[in-house]
2 protein chains.
Amino acid sequence: MDPKPAEGTAKKRRRGRPPGAGEQTRARLIRAGMELLTERGFGSTGLDELLREVGVPKGSFYYYFQSKDAFGAAVIDGYARYFADKLERHFGAAGETWLGRLQAFVDDAKRGMRRHGFRRGCLVGNLGQEFGSHHDAFRAQLAGVFDDWSRRVADLLEKARAAGEFTASEDCLALADFFWTGWEGAVLRAKLVRSAEPLDRFTTLFFDRVLRRA
Amino acid sequence: MDPKPAEGTAKKRRRGRPPGAGEQTRARLIRAGMELLTERGFGSTGLDELLREVGVPKGSFYYYFQSKDAFGAAVIDGYARYFADKLERHFGAAGETWLGRLQAFVDDAKRGMRRHGFRRGCLVGNLGQEFGSHHDAFRAQLAGVFDDWSRRVADLLEKARAAGEFTASEDCLALADFFWTGWEGAVLRAKLVRSAEPLDRFTTLFFDRVLRRA
């Protein structure tokens, strides 16, 4: 699907809501978009397929979203919130070491990829590859999501280092950036080889060699 | 552009070559595809745009390629060969240490990204994100390209270790896989932040912490 609205659709927009329409349908469209865009890019995802899945008639899309771009932005935002919640849950788990919490996130993500046959990766990685070069609004939004993830991991690493859990002396934000770039690459390769091996390989070397886990 | 041929195009195929058509035009289409797909995914690349760029009339595409899939496969193959040549050139550079040769590849890639305003990344990364989940032929082809790159870096690392250039004791293929996954993630992030910093951050930690450069 092209991120720009198709010609002739602008005039159909927001003439009124179809019967039964509401925030719930909008939320279902965003959720379906998150699932589809975690598997594929925007370009390979047909809007028709998405609307069919949610059971929304083709003509109604623009009652819920001003444009395909607005829809894309809402999906990225939804994914960012979902992912921030996931990180918060893992990183806030009492009774675990700090690095144990990061490992728990990794294990959970691995289970998630395995459950979906290594077809689903990372929405931010997918759209970053697709739009990083030519869609400035998406690019800035996606870069902001990565920055948020890096800050969260950097915070955790500060605490882990203070607790003596690893010995690397580098700036924790640099270590966190390294973690996320390596993770994104490993998720991509896990999709290509349909196996968790790239994820294991990356995290083992990250913990043992880069952080020098105590 | 959708990787499946549009309906009604099959019957137009290979009725004969248009005047002046030949291997040269086919090669130009592949080269233009490499450029476009290094910036974006298949889905965001209009076939029309590509044909316009090469100056090939719209109806002639199927004289050169049996299908859009065949075109995609030829573009991946072209990129794989271009990249293998680049690695061979750097890794075979006499008068350099082995790790110096890997560093020279990194520096060259950085210059290339900077020259294109950090808009162009890696075709294999782009298409891997887009098709890893739902296009088995592309997926296998792209996984094979990554395997080839890993073997080349693993060979270089064997020689570097034998020459005492680093002290990490891990299997060189595991180290090479780690290099490429981290590199792909760093290229993605460099596109998002339009800066070489993610590339520098990744390679510094890779050389110093993962390999423990002597």
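Predicted model only: the values in this text are computed from it and were never measured.

**Considerations on the overall build of chain A**
The helix and strand inventory of chain A stands at 9 helices and 0 strands. Going from the N terminus to the C terminus, chain A shows its helices and strands as α-α-α-α-α-α-α-α-α. With 214 residues in all, chain A has 57% of them scored as buried. Taking the intrachain contacts of chain A between residues at least 6 apart in sequence as the baseline, contacts between residues at least 24 apart amount to 70%. Taken as a whole, chain A presents about 9000 Å² of accessible surface, with 48% of it coming from carbon and sulfur.

**Details of the relation of the copies chain A and chain B**
Between the two copies, chain A and chain B, the superposition gives an RMSD of 0.0 Å; the rotation angle is 180° and the shift along the axis is 0.0 Å. Taken together, these values place the two copies in the relation of a two-fold axis. Here 100% of the interface residues in chain A have copies in chain B that are interface residues too; the copies meet face to matching face.

**Description of the packing of aromatic side chains**
Evaluation of the coordinates by the stated rule reveals 45 aromatic pairs over all chains. The aromatic ring of Trp98 of chain A is capped on one face by Arg101 of chain A, whose charged end is 4.0 Å from the ring centroid.

**Points about the interface of chain A and chain B**
Every contact between the two is made by 48 residues of chain A and, on the other side, 48 residues of chain B. Across the chain A to chain B interface the summed buried area is about 4400 Å²; carbon plus sulfur atoms make up 56%. When the buried surface of chain A facing chain B is broken down by residue, Gln129, Arg189 and Leu192 of chain A rank first, second and third, together holding 19% of it. The residue Asp177 of chain B makes a salt bridge to Arg189 of chain A at a minimum N-O spacing of 3.0 Å. At the boundary of chain A with chain B, the tally comes to 22 residue pairs in polar contact (both at pLDDT 80 or more). Contributions of two or more residues to the side of chain A that touches chain B are made by helix H6 (123-131), helix H7 (136-162), helix H8 (172-193) and helix H9 (197-210) of chain A. Among the elements that take part in the side of chain A that touches chain B, H8 of chain A stands out by supplying 16 residues, more than any other.

**Some details on the pattern of salt bridges**
One side chain can pair with another of opposite charge once the charged atoms of both are near each other. Counted according to the given criterion, the structure contains 36 salt bridges over all chains. Between Arg212 of chain A and Glu170 of chain A there is a salt bridge, with its nearest N and O atoms 3.9 Å apart. Placement of Arg212 of chain A in the segment after H9 and of Glu170 of chain A in the loop between H7 and H8 is noted, with a sequence separation of 42 residues between them. Note on Arg212 of chain A: relative accessible area 28%, which makes it partly exposed. As a salt-bridge pair, Glu170 of chain B and Arg209 of chain A come within 2.6 Å of each other at their nearest N and O atoms. You can see Glu170 of chain B sitting in the loop between helix H7 (136-162) and helix H8 (172-193) and its partner Arg209 of chain A sitting in helix H9, one on each of two chains. With relative accessibility at 19%, the residue Glu170 of chain B sits in the buried group. Its relative accessible area of 21% is what places Arg209 of chain A among the partly exposed residues. Several salt bridges converge on common partners, so that one network encompasses Asp147 and Asp177 of chain A together with Arg189, Glu197 and Arg201 of chain B.

**Digging into the packing of H6 of chain A against helix H6 (residues 123-131) of chain B**
Two measures define how a pair of helices packs: the angle their axes make with one another and the distance between the axes. At a closest axis distance of 9 Å, the pairing of H6 of chain A and H6 of chain B adopts a crossing angle of 130°. By the criterion of interaxial angle, the relationship of H6 of chain A to H6 of chain B is oblique. Here H6 of chain A and H6 of chain B pass one another in a crossing that is left-handed. Packed against H6 of chain A, whose contacting residues are Gly125, Asn126 and Gln129 of chain A, the element H6 of chain B presents Gly125, Asn126 and Gln129 of chain B at the interface. Of the residues assigned to the contact of H6 of chain A with H6 of chain B, the class counts are no nonpolar, 6 polar and no charged.

**Thoughts on helix H1 (residues 23-39) of chain B**
Helical periodicity: at 3.6 residues per turn, an α-helix aligns residues three or four positions apart in one direction. The first and last C-alpha atoms of H1 of chain B sit 25 Å apart over 17 residues, in line with the 24 Å expected at 1.5 Å per residue. Buried within H1 of chain B are the following residues: Thr25, Leu29, Ile30, Ala32, Gly33, Met34, Leu36, Leu37, Thr38 and Glu39 of chain B. Tucked inside the fold, the buried residues of H1 of chain B contact H6 of chain A together with helix H2 (47-54), helix H3 (61-64), helix H4 (68-91), H6 and H8 of chain B.

**A look at the confidence of the model for chain A**
Residues and elements named next belong to chain A. Taken over all residues, the pLDDT of chain A has a mean of 88, while the share at 70 or more is 89%. Mean pLDDT per element in chain A: helix H2 (residues 47-54) is the minimum at 85, and H7 is the maximum at 97. This model gives residues 1-15 a pLDDT under 50, and the stretch forms 30 contacts once residues within four places in sequence are excluded. Under the prediction, the complex receives an ipTM of 0.86, its pTM being 0.88.

**Brief notes about unusual backbone geometry**
All names here are of chain B. One non-glycine residue, Phe118, lies in the positive phi region at around 60°. Positive phi values are uncommon outside glycine, yet Arg194 reaches one of about 50°. Among the structural elements, Arg194 can be located in the loop between H8 and helix H9 (197-210).

**Quick look at the side chain of Lys86 of chain A**
Mapped onto the secondary structure, Lys86 of chain A falls in helix H4 (residues 68-91). In contact with Lys86 of chain A, other than residues within four places in its own chain, are Phe105 and Asp108 of chain A.

**Describing H8 of chain B**
Residues and elements named next belong to chain B. Helix length check: H8, at 22 residues, gives a terminal C-alpha distance of 31 Å against a target of 32 Å (1.5 Å per residue), a fit within 8%. Across the 22 residues that make up H8, a large majority, 20, are buried. Backbone geometry just downstream of H8 places Arg194 in the positive-phi region, at approximately 50°.

**Topic: the environment of Ser133 of chain A**
On the basis of relative accessible area, Ser133 of chain A is assigned to the buried category, the value being 1%. Those residues in contact with Ser133 of chain A that sit more than four places away from it in its chain are Glu39, Arg40, Arg119, Lys191 and Arg194 of chain B.

**Concerning the state of the cysteines**
Following the criterion strictly, the structure yields 0 disulfides over all chains and no others. Of all cysteine sulfurs, the one in Cys122 of chain A lies closest to Cys122 of chain B, which takes part in no disulfide; the gap is 17 Å.

Rules of the game
Residues numbered from 1 in each chain as written. Chains lettered and ligands numbered in written order. Predicted model: local features only at pLDDT ≥ 70, side-chain atom pairs only at ≥ 80, totals over all residues. Heavy atoms only, no water. Helix = DSSP H or I, 4+ residues; strand = E, 2+ residues; numbered from the N terminus. Buried < 20%, exposed > 50% of the residue type's maximum accessible area, 1.4 Å probe, protein only. Contact = heavy atoms within 4.5 Å. Areas by Shrake-Rupley, 256 points an atom, 1.4 Å probe, with all protein chains shown as cover. Least-squares fit on C-alpha atoms with pLDDT ≥ 70 in both. Phe/Tyr/Trp six-rings, centres within 6.5 Å; stacked < 30°, edge-to-face > 60°. Lys NZ or Arg CZ within 6 Å of the ring centre and 35° of its normal. Buried area = accessible area lost by both parts, 1.4 Å probe. Salt bridge = Lys/Arg side-chain N within 4 Å of Asp/Glu carboxyl O. Polar contact = N/O pair within 3.5 Å; in protein donor to acceptor, adjacent residues only side chain to side chain. Axes fitted to C-alpha atoms, helices over the stretch in contact; angles between N-to-C directions. Parallel < 35°, antiparallel > 145°, perpendicular 65-115°, else oblique. Left-handed = near helix turned anticlockwise from the far one by under 90°. Nonpolar A, V, L, I, M, F, W, Y, C, P; charged D, E, K, R; others polar. Expected span 1.5 Å × (residues − 1). pLDDT = per-residue confidence, 0-100. Disulfide = S-S within 2.5 Å.

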